[in-house]
Amino acid sequence: MPIHFISAFTDNYIYVAETPAGAWIIDPGCAEPVFTWCAEHHIRPSAILCTHHHADHTGGVAALAQHFRLPVYGANQRIPQLTHAVSAGHLPLDTESLAVLEVPGHTRDHLAYVWRDALFCGDTLFAAGCGRLFEGTAAQMFRSLQQFAALPEDTLVYCAHEYTLSNLRFAAQVDPENPVIAQRQKEAIEQRARNTPTLPSTMALERASNPFLRCHEPALIHSANAFDPNTGGDPVRVFSTLRRWKDHFS
Ligand SMILES: [Zn+2]
């Protein structure tokens, strides 16, 4: 089943999941490019799914919901025009079924959606990186990312921003001997030169090269302790140190 990319702002992706029974818009940060895309592709959407309330993910919800008369799914009323508050578990939608994951860290009420082999993870997991901790703790984000790591390795990772190249620069710094990172950088540079997305990624690739999923590995423990000698070897503390480091890395 096709999942379509709509670019928005400087580096956001809005996704349209074209299912047998309907088309779902995921995280419409603005409405105009979605209206244009739907007109060009003769698709009338059937629902909006929101991962979290940030404006660059919800700015287009009101106009789209109103125009197409769409149900809006999300965690709570921080999502504009919310019609269906959802929590962890199965979500029947049209004739399909999704798994909803509660993944706090970036925000306290962030959701992710798994549909067939696709993971829509908003601003929690990024290709070779993870989201900033705006509302949650490092321990929460660590547990959220572990939920993703437990998904099948061929799961396709649709994150909401094109941050891959800058994330890979950090990954190369903290995991310098990892050959997967070097290969991934080469491919991502070529993709961006052609102006194509570096996404979707796969869980297998993330497990092999994303430092925030590799906090148990000796190389990452070593790097985290070089940055902050008080880190120690606990994976949550390693995660916390790497996240703080990345916040100021350029
Ligand atoms: Zn966000």
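Definitions and cut-offs
Residues numbered from 1 in each chain as written. Predicted model: local features only at pLDDT ≥ 70, side-chain atom pairs only at ≥ 80, totals over all residues. Heavy atoms only, no water. UniProt positions renumbered as here; feature names shortened; annotations may be inferred. Donors = N, O, S within 2.8 Å, 3.2 Å for Na, K, Ca; no water. Tetrahedral: all angles 85-135°; square planar, octahedral: opposite > 155°, others 65-115°. Helix = DSSP H or I, 4+ residues; strand = E, 2+ residues; numbered from the N terminus. Buried < 20%, exposed > 50% of the residue type's maximum accessible area, 1.4 Å probe, protein only. Core = buried A, V, L, I, M, F, W, Y, C linked by side-chain atoms within 4.5 Å. Contact = heavy atoms within 4.5 Å. Axes fitted to C-alpha atoms, helices over the stretch in contact; angles between N-to-C directions. Parallel < 35°, antiparallel > 145°, perpendicular 65-115°, else oblique. Left-handed = near helix turned anticlockwise from the far one by under 90°. Nonpolar A, V, L, I, M, F, W, Y, C, P; charged D, E, K, R; others polar. Pairing = 2+ DSSP bridges.

- Naming follows an unreviewed UniProt entry, where the chain appears as Hydroxyacylglutathione hydrolase of Acidithiobacillus ferrianus.
- As stated in UniProt under Subunit (unreviewed entry), the record for the chain gives "Monomer."
- Check the Pathway (unreviewed entry) section of the UniProt entry for the chain; it says "Secondary metabolite metabolism; methylglyoxal degradation; (R)-lactate from methylglyoxal: step 2/2."

### Describing the coordination of the zinc ion
Move 1: The zinc ion binds to the protein through His 52 (NE2), His 54 (ND1), His 106 (NE2) and Asp 123 (OD); the donor distances cover 2.2 to 2.3 Å.
Move 2: Each of the four donor atoms around the zinc ion contributes to a set of angles spanning 90 to 170°, which defines the coordination as irregular.
Move 3: For the zinc ion, all donor residues lie on one chain, and their spacing in sequence is H-x1-H-x51-H-x16-D. Linking His 54 in the loop between β4 (47-49) and α2 (55-58) with His 106 in the loop between β8 (96-102) and β9 (111-115), this pair joins segments that are 52 residues apart in sequence. Across the pair, exposure class does not vary: His 54 and His 106 are buried alike.

### Regarding the nonpolar core
Move 1: One finds Leu 49, Tyr 113, Phe 120, Leu 145, Phe 148, Phe 239 and Leu 242 to be the most contacted residues of the largest nonpolar core, which totals 52 residues.
Move 2: In terms of residue count, the dominant contributor to this core is helix α4 (residues 138-149) (six residues).
Move 3: Discounting residues that sit within four places of it in the chain, Leu 145 has contacts with Thr 124, Leu 125, Cys 130, Phe 212, Leu 213 and Phe 239.
Move 4: In terms of nonpolar packing, the next biggest core, distinct from the first, is built from 23 residues, Ala 8, Ala 23, Val 34 and Leu 82 among them.

### Observations concerning the packing of helix α5 (residues 164-174) against helix α6 (residues 179-193)
Move 1: α6 packs onto α5 with a crossing angle of 160° between their chain directions and a minimal axis gap of 10 Å. Judged by the inter-axis angle, α5 sits roughly antiparallel to α6. Of the two possible hands of crossing, α5 and α6 adopt the one that is left-handed. On α6, the residues touching Thr 164, Leu 165, Leu 168, Arg 169, Ala 171 and Ala 172 of α5 are Ile 181, Arg 184, Gln 185, Ala 188, Ile 189 and Arg 192.
Move 2: Class assignment for the residues of the contact of α5 with α6 results in seven nonpolar, two polar and three charged.

### Remarks on the packing of α4 against helix α9 (residues 235-247)
Move 1: It is at 9 Å that the axes of α4 and α9 come closest, and there the two elements cross at 105°. Compared by their axis directions, α4 and α9 come out roughly perpendicular. Across the interface between the two elements, Ala 138, Ala 139, Met 141, Phe 142 and Leu 145 from α4 touch Pro 235, Val 236, Phe 239 and Ser 240 from α9.
Move 2: When its residues are assigned to classes, the contact of α4 with α9 shows eight nonpolar, one polar and no charged.

### Some points on the sheet that holds strand β2 (residues 12-18)
Move 1: What the six strands build is an open sheet, ordered β1-β2-β3-β4-β5-β6; its pairing is mixed. This sheet does not close on itself; its edge strands, each paired only once, are β1 (3-8) and β6 (84-85).
Move 2: Across the sheet, helix α1 (residues 32-41) touches β1, β2 and β3 (23-26), and the angle it forms with β1 is around 140°.
Move 3: Running at roughly 160° to β4, helix α3 (residues 61-68) makes contact with β3, β4 and β5 (72-74) of the sheet.

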